[in-house]
Structures are given as C-alpha cells and as structure tokens.
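Structural overview for review
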Amino acid sequence: MKRKKIIIGMMFGAAVWTAGMTALAEETSEETEAALSEDSNTSTSFSIIGGADGPTSIFLAGKIGQKSRIAELWGVQENLSDYTEIIGQTQEKDGYIVTLDEVLISDNQIYAAVTANIDDPQEVLESTDFITVNGRECNLKSISEQADGYESETSLQHRLYVLTLRDSGKLEQVTDMEMHFLLYKKTENVEKRENAALFDFSFEASREELERKTVRTGLNESIELDDGAKMELKNLVITPVDSRIEGKIYGADSLGYYDYCLKGTDSLGNSVSYSFSSFEGNQGEVGEIVFTSDLKYGKLPSADGEWVKLEVYNKEEMQDDVYIEYSHDKDVL
C-alpha cells in the first residue's frame, strides 16, 4: 500500500447570515391559517392570488424559525435555513393542490422540496422535462419521497427533487427558475393519464450564503489501480450540503467503474464517504469521472476542517490512500 501526501490550498469565508422576508396578507383560508398556526414560534407573511375562475396560488414571503423541509426529508438535524430559499408557492387546480416548499442551490445541484395533497394512492406527481435555471435546461438526477399515509381523506406526499444542469456548467449565485410538475391519476394503461393537471412555478433563488462556506481546490493525485487502470483526482469541492471529487480514469472497464469508492475521515473526526457518480468517455480508454457525497448519508467532509484522509476502494479491496491537507492562504480552484 502506497501513502501519498499533498498540500492543497483552500479559501473560504465564514457564513454569517441574518434574513427575513415580509409581505402583507390580504386574504386567507381556514386551511392555510391552520397550517401556519401549527408552530407559534414561527412568523410568516403570505398573499393569495386567483379566484373561482382560475387556479389559486398562495405565496409565502418567509417563515422565520421554520425547520428546513429539505433537512426533514433528508432526516438530518443540521440547520440548513441559512442556505435554503423558502418559496412557499401553493397552487390549486382541478381539485389538486401542489406546494413548492423550499429550494436549495448548491455548487452544481438544485434541491427542490415539493408537497402534493393526494386523496388517492393512484394519483402521481412527477416533474416534467422543462425545468430551467436562467434559461438553461436541467436534468432530473434523483427523487426521494415521503408520504403521510392514506388514513385520512387527504394525504400529503413530500418529494425532494435533485437536479443538475444539462450543460454540466456551474450555477449562478442568483438564479431565475421555472419548475413544472404534472399531477394525474394512474390507469391500467400506463400511457393514459386521467385528470392530468400541470403546475408551473417561477421564482428567484440565491446560493450566496452557501457560497461563503464552499471550498474549491485543485488536486494533483495519481493512483495506480489493481486492474491496471490509473485514476487521477483533479478537483475537490466541499459545500455544507454536498461534496464532489472530479478526475480522470485511464484504461478501466466501464462496467467496473461503479465498484470504486472513497472512504475516510476529516480533521474534525467526521466519517467521509464518496460514491462513484458518473463517467463520460470511451470504455477502456480515458474518461471524466466524478465521486459525490452528500449530507443525507452523513458522510460529508466539513468545509471547516483542515485535512481529509481518503482510502480508494474497488469493492471491498483497498487500492491506495490519499492524505490531503489544506490551508486558507493558498490559491483556490
């Protein structure tokens, strides 16, 4: 087993953030009042737009002290409120109610928490293909779901959508977004959708506070793998909610790429784990690779740390280890 040590420079600032949003509520419904009064320690302003002749939209300007919906869906205790945007847009159409609760914009991913009122297990909420960020199209990376059950007449279906830019570029710090969701009832014919209703959301979101706690740095690490292939680690990005390591791989069988992972600890004692996320290139030649980690699985390195030690595994067999130190006064990526 070889041991390598590299000194990496990183620069990031401490996040200090205080925010509040206010709006005047002219009109409300009993259901909305009840939902907003569940927590007496929170404060929300909202307005309702629409009427009997069209879809109704409820816009919440902010909810101070509210626990992050994304954190709840991840099942984590970390306070993410500094980094999320509470969108709080609720639309009612054709008997369906859909709420875009919250959005978090990371370095290159978008997390969107959505809630749908479902009164039939056969009703399905799905995102459509036309989701854009500042006019740039997005790909749907994953969906996680949590339902309250169907014991009552209406159940709440909570979903967390993870999106990436289709052009693989970087996300701007302030973005104008459009998200579109389709809610319909499933039938025996999978191609047929009954009572389909389209929900369109437009809003602005920022990742400026998360950017203050984001670490980016270049790597220059080459690893000889047991199968004769070679892996190079080129870039490391750490945010409060996710992290990725970008690199290249030479000569590996593409079918075995996803057997590789990185495991270790950071200087604060956190367990760290990266899974193989993507490959772009030609089988057996050279390809661009990405390893990712996120807060959901509790294996994320801290941006406040000073080093991270990672071991490279192919299935259960360790290939090599990498020890990375970083200081705050070096050049960043």
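In this text the structure is predicted, and so the values were computed from the model without any measurement. (Residues numbered from 1 in each chain as written. Predicted model: local features only at pLDDT ≥ 70, side-chain atom pairs only at ≥ 80, totals over all residues. Heavy atoms only, no water.)

A word on the overall build of the chain
- Within the chain one finds three helices and 20 strands.
- Looking at the chain as a whole, 46% of its 333 residues qualify as buried.
- A separation of at least 24 residues holds for 61% of the contacts in the chain among residues at least 6 apart in sequence.
- Here the chain has roughly 16900 Å² of accessible surface; of this, 44% comes from carbon and sulfur atoms. (Helix = DSSP H or I, 4+ residues; strand = E, 2+ residues; numbered from the N terminus. Buried < 20%, exposed > 50% of the residue type's maximum accessible area, 1.4 Å probe, protein only. Contact = heavy atoms within 4.5 Å. Areas by Shrake-Rupley, 256 points an atom, 1.4 Å probe, with all protein chains shown as cover.)

Here's the deal with the pairing of strand S10 (residues 155–165)
- Most of S10 is tucked away, with 10 of its 11 residues classed as buried.
- In this sheet, S10 lies alongside strand S6 (residues 109–118) in antiparallel orientation, the contact comprising 10 bridges. Bridging from a neighbouring strand, Val114 pairs with Arg159 of S10. (Pairing = 2+ DSSP bridges.)

As for the environment of Lys230
- Of note, Lys230 is situated in strand S14 (residues 230–238).
- Each C-alpha atom of the pair Lys230 and Gly251 lies 6.9 Å from the other, and the pair is 21 residues apart in sequence.
- Leaving out residues up to four positions away in the same chain, Lys230 has contacts with Ser222, Ile223, Glu224, Lys248, Ile249 and Tyr250.

Here we look at the environment of Glu178
- Turning to its location among the elements, Glu178 is positioned in strand S11 (residues 174–186).
- Its relative accessible area of 37% is what places Glu178 among the partly exposed residues.
- Each C-alpha atom, one on Glu178 and one on Ile131, is 5.7 Å from the other, the two residues being 47 residues apart in sequence.

A short note on a negative patch on the surface
- Taken together, the side chains of Asp176, Glu178, Asp200 and Glu204 define an acidic patch exposed on the protein surface.
- Of all the elements in the fold, those that place two or more residues in the negative patch are S11 and strand S12 (193–206). (Patch = residues over 30% accessible without salt bridge, like charges linked within 9 Å, V, L, I, M, F, W, Y side chains within 5 Å. Salt bridge = Lys/Arg side-chain N within 4 Å of Asp/Glu carboxyl O. Lys, Arg positive; Asp, Glu negative; His and termini not counted. Charge placed at Lys NZ, Arg CZ, Asp CG, Glu CD.)

Structural notes on the pattern of salt bridges
- Applying the stated criterion to the full structure yields 10 salt bridges.
- Between Arg244 and Asp107 there is a salt bridge; the shortest N-O distance is 2.4 Å. Residue Arg244 is located in strand S15 (residues 242–250), and its partner Asp107 is located in the loop between strand S5 (96–105) and S6; the two are separated by 137 residues in the primary sequence.
- Salt-bridge contacts for Lys230 lead to Glu232; the nearest nitrogen and oxygen are separated by 3.6 Å.
- Judged by relative accessible area, which is 13%, Glu232 ranks as buried.
- One connected set of salt bridges, linked through shared partners, spans Asp107, Arg207, Glu211, Arg216, Arg244 and Glu246.

Concerning the packing of aromatic side chains
- This model, assessed by the stated rule, comprises five aromatic pairs.
- Ring centres 5.1 Å apart and planes at 75 degrees place the aromatic pair Trp74 and Tyr111 in the edge-to-face group. Highlighted residues: Trp74 in helix H2 (residues 69–74) and Tyr111 in strand S6, separated in sequence by 37 residues. Accessibility classification places Trp74 together with Tyr111 in one group, the buried group.
- Judged by centre distance (5.2 Å) and plane angle (55 degrees), the ring pair of Tyr161 and Phe181 falls under tilted. Residue Tyr161 is located in strand S10, and its partner Phe181 is located in strand S11; the two are separated by 20 residues in the primary sequence. (Phe/Tyr/Trp six-rings, centres within 6.5 Å; stacked < 30°, edge-to-face > 60°.)

Some points on unusual backbone geometry
- The residue Asp94 is not glycine, and still its phi comes out positive at about 55 degrees.
- Following the sequence through the fold, Asp94 ends up in the loop between strand S4 (84–93) and S5.

Quick look at the confidence of the model for the chain
- This prediction gives the chain a mean pLDDT of 74; 70% of its residues lie at or above 70.
- With pLDDT under 50 throughout, residues 1–65 is counted as low confidence; its partners more than four residues away or in other chains account for 140 contacts. (pLDDT = per-residue confidence, 0-100.)

Focus: the nonpolar core
- By size, the foremost hydrophobic cluster in this structure holds 28 residues, and its most contacted members are Leu100, Val103, Met179 and Phe203.
- Of all elements in the fold, only S5, S6, S10, S11 and S12 reach the threshold of two or more residues within this core.
- Tyr274, Ala303, Val308 and Val322 belong to the second largest nonpolar core, which has 25 residues in total. (Core = buried A, V, L, I, M, F, W, Y, C linked by side-chain atoms within 4.5 Å.)

Section: the side chain of Ser302
- Along the chain, the position of Ser302 falls in the loop between strand S18 (286–294) and strand S19 (307–314).
- At 3.0 Å, the side chain of Ser302 and the backbone nitrogen of Asp304 are in polar contact. (Polar contact = N/O pair within 3.5 Å; in protein donor to acceptor, adjacent residues only side chain to side chain.)

Section: the environment of Gln109
- Tracing the backbone through its elements, the reader meets Gln109 in strand S6.
- Judged by its relative accessible area of 9%, Gln109 is buried.
- Sequence spacing of Gln109 and Lys141 is 32 residues, and the spatial spacing of their C-alpha atoms is 9.1 Å.
- When neighbours within four sequence positions are excluded, Gln109 is seen to be in contact with Leu104, Lys141, Val162, Leu163, Thr164, Leu171 and Asp242.
- Within the structure, Gln109 has its side chain in polar contact with the side chain of Tyr111 (distance 2.8 Å).

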